[in-house]
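Observations on chain architecture
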Amino acid sequence: MVARLYTNRAACHLKLRNLYKSLDDSSKALELMKPEVDENAKLRLKSHMRRATAFCELELYVEALQDYEAALKIEPKNEALKEDAKKIRKVIQSNNDDDDET
């Protein structure tokens, strides 16, 4: 499956800190996994998480949160995902509070 290759390459790019390339490959993998079906759920979850990680590293927290929420739709009982999404919400809120003070 070609989507798996893009997902794996996205992981490699993350390790090498090629964050924009990781974003591109994760996005391409997700595009290739249409329609969203149970058979590709695990790979979609990985792609969303890799893209979310790259977004976080780039401090694009709103975009990262969107991927976390997409991942939670796939695995709604995943406590680690819930906790990470909660942390990102706090960062976003903190950034918004800082903007309000200036």
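Residues numbered from 1 in each chain as written. Predicted model: local features only at pLDDT ≥ 70, side-chain atom pairs only at ≥ 80, totals over all residues. Heavy atoms only, no water.

Quick word on the nonpolar core
- Met 49, Tyr 68, Leu 81 and Ile 88 are the most contacted members of the largest nonpolar core, which totals 18 residues.
- The dominant element in this core, judged by the number of residues it contributes, is helix α3 (residues 41-57), at six residues.
- Residue contacts for Ile 88: discarding those within four places in its chain leaves Cys 56, Tyr 61, Ala 64, Leu 65 and Tyr 68.
- Counting five residues, the second largest nonpolar core, distinct from the first, contains Ala 3, Ala 29, Leu 30 and Met 33. (Core = buried A, V, L, I, M, F, W, Y, C linked by side-chain atoms within 4.5 Å. Buried < 20%, exposed > 50% of the residue type's maximum accessible area, 1.4 Å probe, protein only. Helix = DSSP H or I, 4+ residues; strand = E, 2+ residues; numbered from the N terminus. Contact = heavy atoms within 4.5 Å.)

Some details on the side chain of Ser 22
- Along the polypeptide, Ser 22 turns up in helix α2 (residues 19-32).
- For Ser 22, a relative accessible area of 0% puts it in the buried group.
- Discounting residues that sit within four places of it in the chain, Ser 22 has contacts with Ala 10, His 13, Leu 14, Arg 50 and Ala 54.

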